[in-house]
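# Structural characterization, general
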Amino acid sequence: MDERLEKALAFSQFRVTIENRRTAIRRRFETMLMVHHDDGLFRADAITMSFINTLMDEEHTSAILIDEKQNPIEVKDLKVLKEKLFNAYFEATNEYTSEVKSLAKARDVKKAMNW
Amino acid sequence: MAETRGVALFAYNTDQIDYAKLALLAARYVKRHMKNNNICLVTDQGTWDYLVDSRSAERSDVAFDDVVISPVVHTANKRIHYDSPWTKFVSEFKNSNKHQIINYTPYDKTLLIDIDYIVQNNSLDYLFDTDSEVALFHNSEDLAGFPPAITETWLKPTGIPMLWSTVVYFDKHNDISRMFFDMWAHVHDNYDFYKFLYGFSGNMYRTDFAVSIAAHLMNGMGDGELVTDIYGKLINMSQRDDITKVNAIDDWVYLLNDRMENWKDSVTRIKGENVHVMNKRALERFYNYISHELDIEDGIAEE
């Protein structure tokens, strides 16, 4: 086989592995973003966290929020939920960043898999 | 009295698969990751004795808080298992009393998991704090993030959606939970009739199909969320996939078989996710290594 073609095919296999790993990292990130509070399930994303901040800026201490399952949830203490969401957000983004960085450094399948 | 919470597993050994050994592994992962980690094993005397003899009483004590001995005479239910696309074997599948878990469980709130469901995070703990009567996964994907085959999405191409019985959460004191398990028992007892009514084929009794039918019947023969959808998706490792390396207790490397062109494989690495490891032989191959790592962590063995 032509050497250039051989290299291209090896690179193609490597890309499949990288894509598989990326999917797994994103899935783990999504799992880590979920916060359970007052019988509701919330995602620690920018919209939810900003909305809670706005409610608190408007001096609300409790509110009804629509959770990820589209259920109305009576949040008794917005401050507690905010803290949980921020913790989940920082934990998830830190791990996500470190995994993405280490994947970017991997130059072959073995390194990407920590073989 | 305080509400009791815990996880339950069924294990009945067959001539081909040591289910109890895999239950031991699954239980130790639950202990490691979940907050609600009382564990009950439902088994028969022979399987339990073999487990204690072969895997030590110490390990069994670490893993299981409660043991329910249920000497059920299972109806013949042969299943073809794969270990990669190239090896297959037939084994008895003893699942005829799974719907009885509501009677067996010592806990008020129970999470029933299959012995090949490896818990590597605490995302299921939230269920115990909800008002859900019964919850199951409605959606799944494979290790690469692709949706399941149509045969694992619907009972038949124009049929009802398939729910997964791999993970079942329920509150045993709730009337709706009780009704759901009664309905599951009814579907089990009349499986041939429901097979004809819902138009699917195959000779094996599948609990996934039984819970799907029970949920459909209880939802007034329609769609609905009477049976709550567990948040996220059930991640399935196919029986045609394999485990190639265990980097650490919660960091596994898998070989993914291409569904369309099964001579092709790719690899992926999954860290800290709950995975339904359907290739039981693959799990058995890595049992000793993982068990040893867990032993070190639990102070049963030295490094």
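Figured I'd write up the structure that's included with this text. Sequence order as written defines residue numbering, which begins from 1 separately in each chain. Lettering for chains starts from A, numbering for ligands starts from 1, and both go in the order in which the items are written. Side-chain atom pairs in this predicted model are given and counted only at pLDDT of 80 or more, local residue features only at pLDDT of at least 70, and totals for whole chains, interfaces and linings cover all residues.

Quick look at the overall build of chain B now. Only DSSP runs of H or I covering at least 4 residues are called helices, and only runs of E covering at least 2 are called strands; the numbering of each starts at the N terminus. In terms of regular secondary structure, chain B is built from 8 helices and 16 strands. Against the 2.2 N^0.38 benchmark of 19 Å for 303 residues, chain B shows a C-alpha radius of gyration of 19 Å, consistent with a compact globule. The dimensions of chain B, computed from C-alpha atoms along their principal axes, are 55 × 55 × 35 Å. Counting the 303 residues in chain B, one finds 44% classified as buried. Each residue gets a C-beta atom placed from its backbone, and two residues are in contact if those atoms lie within 7 Å. Long-range contacts, defined here as pairs at least 24 residues apart, represent 74% of the contacts in chain B between residues at least 6 apart. C-alpha atoms define the radius of gyration, and 2.2 Å times the number of residues to the power 0.38 defines the globule rule. Exposure is read from a count of other C-beta atoms within 10 Å of each residue's own; the residue is exposed at 12 or fewer, buried at 20 or more and partly exposed in between. C-beta atoms are placed from the backbone.

Attention now goes to the overall build of chain A. In terms of helices and strands, chain A carries 4 helices and 4 strands. Each helix and strand of chain A, placed in order from N terminus to C terminus, yields the pattern α-β-β-α-β-β-α-α. For 115 residues, the compact-globule formula gives about 13 Å, and the C-alpha radius of gyration of chain A, at 20 Å, lies well above that figure. Residue burial in chain A is summarised as follows: out of 115 residues, 19% are buried. Counting only contacts in chain A whose residues sit at least 6 apart along the sequence, the fraction spanning at least 24 positions is 66%.

Below, the discussion takes up the interface of chain B and chain A. Between chain B and chain A, the residue contacts involve 22 residues of the former and 19 residues of the latter. With 6 residues, strand β15 (residues 265–271) of chain B is the single largest residue contributor to the side of chain B that touches chain A.

Summarising the element assignment, B:S266 is placed in strand β15. A residue is classified by how many C-beta atoms lie within 10 Å of it, and B:S266, with 18 of them, is partly exposed. C-alpha of B:S266 to C-alpha of B:L255: the two residues are 11 residues apart in sequence and 5.8 Å apart in space. Filtering out sequence-adjacent residues up to four positions away, B:S266 remains in contact with A:V16, A:T17, A:N20 and B:L256.

All names here are of chain B. Assignment of secondary structure puts F180 in helix α5 (residues 175–189). Separated by 57 residues in the primary sequence, F180 and M237 place their C-alpha atoms 28 Å from one another. Not counting residues within four places of it along the chain, the set of residues in contact with F180 comprises V134, A214, M218 and V227.

All right, on to the pairing of strand β5 (residues 88–92) of chain B then. Along β5(B), only 0 of the 5 residues are buried, which leaves the element largely exposed. Any two strands are treated as partners once DSSP identifies two or more bridges connecting them. What sits between the antiparallel neighbours strand β4 (residues 78–82) of chain B and β5(B) is a turn of 5 residues, in which B:S84 has the positive phi angle 75°.

The mixed open sheet is built from 4 strands, whose spatial order is β7-β16-β12-β9 (chain B). Lying at the two open borders of the sheet, with one neighbouring strand each, are β7 (117–118) and β9 (140–142) of chain B.

Let us now look at the packing of helix α1 (residues 19–33) of chain B against helix α2 (residues 45–55) of chain B. All names here are of chain B. Between α1 and α2, the shortest axis-to-axis distance is 9 Å and the interhelical angle comes to 65°. By the criterion of interaxial angle, the relationship of α1 to α2 is roughly perpendicular. In this structure, α1 crosses over α2, and the sense of that crossing is right-handed. Residues A20, K21 and L24 of α1 form the contact with α2, whose own contacting residues are T47, Y50, L51 and R55. When the residues that make up the contact of α1 with α2 are grouped by side-chain class, the tally is 4 nonpolar, 1 polar and 2 charged. With axes taken as lines fitted to C-alpha atoms, and helix axes fitted only over the stretch in contact, angles between N-to-C directions fall between 0 and 180 degrees. When describing relative orientation, an angle under 35 degrees is termed roughly parallel and one over 145 degrees roughly antiparallel, while 65 to 115 degrees is termed roughly perpendicular and anything else oblique. Crossings are assigned a handedness: left-handed for a near helix turned anticlockwise from the far helix by less than a right angle, right-handed for a clockwise turn. Residue polarity is assigned by list, with Asp, Glu, Lys and Arg as charged and Ala, Val, Leu, Ile, Met, Phe, Trp, Tyr, Cys and Pro as nonpolar; anything else, Gly included, falls into the polar class.

All names here are of chain B. In contact at an axis separation of 10 Å, α1 and helix α8 (residues 280–298) are set at 55° when each is read in the N-to-C sense. Our classification of the angle between α1 and α8 gives oblique. Where α1 crosses over α8, the two elements pack in a sense that is left-handed. In contact with K21, L22, L25 and R28 of α1, α8 contributes K280, L283, Y287, I290, S291 and L294. Looking at the contact of α1 with α8, its residues break down into 6 nonpolar, 1 polar and 3 charged.

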